[in-house]
Amino acid sequence: MKKTLLLVMAIAAASFADITWQAQAEVLRGYTDTPLLPSGKWHVHDPHRTQPVKVTPGANSGLGTAAPGDATVLFDGTDFSHWESDKGAPQWLLRDGYMEIKPGTGNLHTKKKFSDFQLHVEFSLPVAAAGKPDPGNSGVFLQGIYEVQVYDMENSSIYADGGCGAIYGQSPPLVNACRKRGEWESFDITFEAARWNAQHQLIHPALVTVFHNGVLIQNRQTILGPSGHRILANYQQELPPTGPLSLQEHGDVVRYRNIWIRQIQEQDKP
Ligand code: MG
């Protein structure tokens, strides 16, 4: 009798512990054993960092923006001629005017490399991701190394520096301008590459401005260094002046369309 009671109590305690752990994981998704960011206020992927306020983007804002005459159209919905993958030729699926990630086939990279640029890209997160522990996840990697996060924010409790439009592991978006999963969304990005002098000293870090569905979410934000998980990004290593545009395959069926890029020209100094 005594043994049975103890067993029941043990099972009840285990169940309670599971529920508590799940509830905590839901509310406090993130890490506090990671390095502190330069502000000293937050850890990388800090679960307590303030989440961006939701802003409803304008109807169709940012969608269908036609490429200017001097842009390189990287994807117009018809072929992968500008792209290669981690594993050779792209194996993502070509659908009706968009590309769709085929899980397990690797990231895509442009064959061309870029330094300072203006970029337009449209994406859509999978409806089928609903209820998955890690919902739709992809990313737009500037110069192949700095991630602007693509992430399903519906019912998401991901740490603020991992949300959609975050500079991953560094800077949450100023506001959450997401649409619903399954709807088309856009990023309009201007990017200034990091610069080193002839003595290999950093002159200035990379800078990025991002509009998400026509809403400003990163305002000439300093990038701390190449993106990574649970690391404090830095520029300890001098980086090449140019790099490809990369799209992340994170195992989720994210779609992309209407991708174009313009090299930013050097301006005459006043
Ligand atoms: Mg990602």
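Definitions and limits used
Residues numbered from 1 in each chain as written. Predicted model: local features only at pLDDT ≥ 70, side-chain atom pairs only at ≥ 80, totals over all residues. Helix = DSSP H or I, 4+ residues; strand = E, 2+ residues; numbered from the N terminus. Buried ≥ 20, exposed ≤ 12 C-beta atoms within 10 Å, placed from the backbone. Contact = placed C-beta atoms within 7 Å. Pairing = 2+ DSSP bridges. Core = buried A, V, L, I, M, F, W, Y, C linked by C-beta atoms within 7 Å. pLDDT = per-residue confidence, 0-100.

**Here's the deal with the overall build of the protein chain**
Thought 1: Looking only at helices and strands, the protein chain features one helix and 17 strands.
Thought 2: Sorting the 270 residues of the protein chain into buried and exposed places 39% on the buried side.
Thought 3: Of the contacts made within the protein chain by residues no fewer than 6 positions apart, 65% connect residues no fewer than 24 positions apart.

**A closer look at the sheet that holds strand β8 (residues 137–142)**
Thought 1: Strand order across the open sheet formed by five strands is β3-β6-β16-β8-β9, with antiparallel pairing between neighbours. Looking along the sheet, the strands with just one partner apiece sit at the ends: β3 (83–85) and β9 (146–151).
Thought 2: Pairing of β8 with strand β16 (residues 246–247) involves two bridges; the strand directions are antiparallel. Among the inter-strand pairings, F141 is bridged to a residue of β16, identified as S246.

**Digging into the pairing of β9**
Thought 1: Most of β9 is tucked away: six of the six residues are buried.
Thought 2: Burial along β9 is two-sided: the residues Y146, V148 and V150 and E147, Q149 and Y151 are all buried.
Thought 3: The pairing of β8 with β9 spans six bridges and is antiparallel. Opposite F141, over in β9, you have E147 as the bridge partner.
Thought 4: In textbook terms, the turn of a hairpin is the stretch between consecutive antiparallel strands, and for β8 and β9 this stretch comprises three residues, one of which, Q143, has a positive phi near 55°.

**Examining the pairing of strand β11 (residues 184–192)**
Thought 1: Inspection of the sheet shows strand β7 (residues 117–124) paired to β11 by eight bridges, in the antiparallel sense. Within β11, the residue paired with E122 across the bridge is S186.
Thought 2: Of the pairings in the sheet, the one linking β11 to strand β14 (residues 207–212) comprises six bridges and is antiparallel in character. Among the inter-strand pairings, I189 is bridged to a residue of β14, identified as V210.

**Considering the nonpolar core**
A general feature of soluble globular proteins is that nonpolar side chains tend to end up buried together.
Thought 1: The biggest cluster of nonpolar side chains holds 50 residues, and the ones touching the most others in it are V140, L142, F191 and V208.
Thought 2: Breaking this core down by element, the ones donating at least two residues are β2 (72–75), β7, β8, β9, β11, β14, β15 (215–222) and β17 (255–263).
Thought 3: Each residue touching V140, except ones within four places of it in the same chain, is listed here: V121, V148, V150, F187 and L247.

**A look at unusual backbone geometry**
Thought 1: We note that N60 has phi near 60°; this positive angle belongs to a residue other than glycine.
Thought 2: Here N60 is to be found in the loop between β1 (53–54) and β2.
Thought 3: Positive phi, close to 55°, is recorded for Q143, a residue that is not glycine.
Thought 4: Note on placement: Q143 falls in the loop between β8 and β9.
Thought 5: Given 23 C-beta atoms within 10 Å, Q143 falls into the buried group.

**Here we look at the confidence of the model for the protein chain**
Thought 1: Looking at the protein chain as a whole, the pLDDT averages 89, with 87% of positions reaching at least 70.
Thought 2: Low pLDDT (under 50) marks residues 1–27, which in the prediction has two contacts with non-local residues, meaning those over four places away or in another chain.

**Overview of the environment of E249**
Thought 1: Mapped onto the elements of the fold, E249 is located in the loop between β16 and β17.
Thought 2: Taking the C-alpha atoms as reference points, E249 and W92, separated by 157 residues in sequence, lie 9.3 Å from one another.
Thought 3: Here E249 is in contact with I101, P103, T105, G106 and N107, once residues within four sequence places are set aside.

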